Amino acid sequence: MKTNQTQATDKQSQVSPDNINTAATADSAILQQQILWAQMQQQQYQLDDEIHLGELWRAIWAGKLTVIVISALFAIASVVFALAQPNVYKASTILAPASNEGGASGLSALAGQFGGLASMAGINLGGGQSDKTALALEILKSRSFIERFISEHELLVPIMAAKNWDIASNTLVYDSEVYEQTTNQWIRKVEAPQKPQPSLWEAYIAFSELLNITQDKNTAMITVELEYYSPAMAQQWLSWLIADVNDFVRNQEQQEAQDSIDYLTQQLDKIQVSSMETVFYQLIEEQTKNMMLTKVKAEYVLKTVDPAQVPEEKSKPKRVLIVLLGVIVGGIIAIVIVLIRYFAKK
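Scope of this entry: the structure provided in the associated data block. (Residues numbered from 1 in each chain as written. Predicted model: local features only at pLDDT ≥ 70, side-chain atom pairs only at ≥ 80, totals over all residues. Heavy atoms only, no water.)

1. Regarding the overall build of the protein chain
Alright, step 1. Of the regular secondary structure elements, the protein chain holds 10 helices and 9 strands.
Alright, step 2. Counting only residues that meet the buried cut, the protein chain has 32% of its 346 residues in that class.
Alright, step 3. A fraction of 75% describes how many contacts in the protein chain between residues 6 or more apart in sequence connect residues 24 or more apart.
Alright, step 4. Working note: accessible area of the protein chain is about 22100 Å², and carbon and sulfur atoms make up 58% of it. (Helix = DSSP H or I, 4+ residues; strand = E, 2+ residues; numbered from the N terminus. Buried < 20%, exposed > 50% of the residue type's maximum accessible area, 1.4 Å probe, protein only. Contact = heavy atoms within 4.5 Å. Areas by Shrake-Rupley, 256 points an atom, 1.4 Å probe, with all protein chains shown as cover.)

The structure is reproduced here in structure tokens:
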């Protein structure tokens, strides 16, 4: 009996490796079939993509006449539009913060010693040249300053009514639907509360679009740019603008210095401590120096490094770029129309 069991066990041990090999072979065959099927599907997808791309190309080629016509129409319209745009010239100037060594150093020293006393008395000892420069730049962009600038130099008509510049006669061309040049009357049609004559607020918005101010954080240099139809007027306006902001800040500080001197002089009669008299005399002395600087220096806060010149080349419009964009947009629209018509029929 034991012998029979041993023989059966031997037979099982002999059959088992064959069964394992057969199962492994079957798994390998299934894996190969799966890989083959995946490769066939991938090839089919690539073939479908090629068929789709080929079909798209054939559809576009069949409608090539439509693509050419629409692209040509867009090209012509772009050329007409580009030529209709007036030339705009850009004048620019480079400025640097003006240094006030004499007055600034003395005021800074006094500010460190008697800043609290001066502030209690309502006297401004200054916060350094960087503060003056930042103040000047903010004034240069402010609404009140620009409105005053437009009024003083009578720029309302050139800003709001001009539409081009005649090179031959060197004169502005005004919009006949906005301004009647022969009678000097505004005739534009607007809805209430606006009036035919533009307000200073409208002029400020229009002028702000012409003006660009940037400052280099590393060098502190300031670039001011102004765009306009007339190159000569762009240069003139920019020169006026820089001169006016220097005058504005200078007059403002001159008035503050004079008010401080008057106040300190009045307070001297009320002081009974001799040491305090010395402090007030020093404050009066420094304010007097500061006032002298305001009267002497023309470029009080912004010093011109590179003055504005009359530009000889236009800054815009970029007519070639306009035409290229027009052709590209026209081509894309034409291709979309051709493909829609093709698949709609299909």
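2. Overview of the nonpolar core
Alright, step 1. If you look at the biggest cluster of nonpolar residues, it comprises 44 residues, and the most contacted ones within it are Ile 150, Phe 207, Val 224 and Leu 226.
Alright, step 2. At 7 residues, helix H8 (residues 231–268) tops the list of elements feeding residues into this core.
Alright, step 3. In this structure Leu 226 touches Tyr 89, Lys 90, Ala 91, Phe 207, Leu 210, Leu 211, Ala 234, Trp 237 and Leu 238, once residues within four positions along its chain are discounted.
Alright, step 4. Of all hydrophobic cores here, the second largest spans 10 residues; its members include Ala 257, Leu 268, Phe 280 and Met 291. (Core = buried A, V, L, I, M, F, W, Y, C linked by side-chain atoms within 4.5 Å.)

3. Quick word on the packing of helix H2 (residues 64–84) against helix H10 (residues 319–345)
Alright, step 1. Between H2 and H10, whose axes approach to 8 Å, the crossing angle comes to 155 degrees. In terms of orientation, H2 lies roughly antiparallel with respect to H10. The two elements H2 and H10 cross, and the hand of that crossing is right-handed.
Alright, step 2. The residue inventory of the contact of H2 with H10, partitioned by class, reads 17 nonpolar, 6 polar and 2 charged. (Axes fitted to C-alpha atoms, helices over the stretch in contact; angles between N-to-C directions. Parallel < 35°, antiparallel > 145°, perpendicular 65-115°, else oblique. Left-handed = near helix turned anticlockwise from the far one by under 90°. Nonpolar A, V, L, I, M, F, W, Y, C, P; charged D, E, K, R; others polar.)

4. Structural notes on the pairing of strand E2 (residues 162–166)
Alright, step 1. Note: E2 against strand E3 (residues 171–174), 4 bridges, orientation antiparallel. Bridge pairing in E3 links Asn 164 to Val 173.
Alright, step 2. Between the end of E2 and the start of E3, which pair antiparallel, lie 4 residues, with Asn 170 showing a positive phi angle near 55 degrees. (Pairing = 2+ DSSP bridges.)

5. Quick word on the pattern of salt bridges
Alright, step 1. Enumeration according to the criterion identifies 10 salt bridges in this entry.
Alright, step 2. Across the salt bridge formed by Glu 227 and Lys 90, the nearest N and O atoms sit 3.9 Å from each other. In this pair, Glu 227 sits in strand E7 (residues 222–228) while Lys 90 sits in strand E1 (residues 88–97), placing the two residues 137 residues apart along the sequence.
Alright, step 3. Measuring nitrogen to oxygen at the nearest pair gives 2.9 Å for the salt bridge that ties Glu 202 to Arg 188. Here Arg 188 lies in the loop between strand E5 (185–186) and helix H7 (200–210) and Glu 202 lies in helix H7, a separation of 14 residues in the sequence.
Alright, step 4. A residue is classified by how much of its surface remains accessible, and Arg 188, at 14% relative accessible area, is buried.
Alright, step 5. Through salt bridges with shared partners, one network takes in Lys 90, Glu 225, Glu 227 and Lys 316. (Salt bridge = Lys/Arg side-chain N within 4 Å of Asp/Glu carboxyl O.)

6. A word on the side chain of Ser 315
Alright, step 1. Position of Ser 315 among the secondary structure elements: in strand E9 (residues 314–316).
Alright, step 2. With near-sequence residues (within four places) excluded, Ser 315 lies in contact with Val 88, Tyr 89, Lys 90 and Glu 227.

7. Structural notes on the layout of surface pockets
Alright, step 1. Empty space within the second largest pocket amounts to approximately 210 Å³.
Alright, step 2. Lining the second largest pocket, in full, are Val 88, Ile 159, Ala 206, Glu 209, Leu 210, Glu 227, Tyr 228, Tyr 229 and Lys 316.
Alright, step 3. Counted by class, the lining of the second largest pocket contains 6 nonpolar, no polar and 3 charged residues. (1 Å grid on protein atoms, 1.4 Å probe; cavity = no way out; pocket = protein on both sides within 12 Å on 5 of 7 lines; lining within 4 Å. Points joined across faces, edges and corners; volume = space filled by probe spheres on them.)

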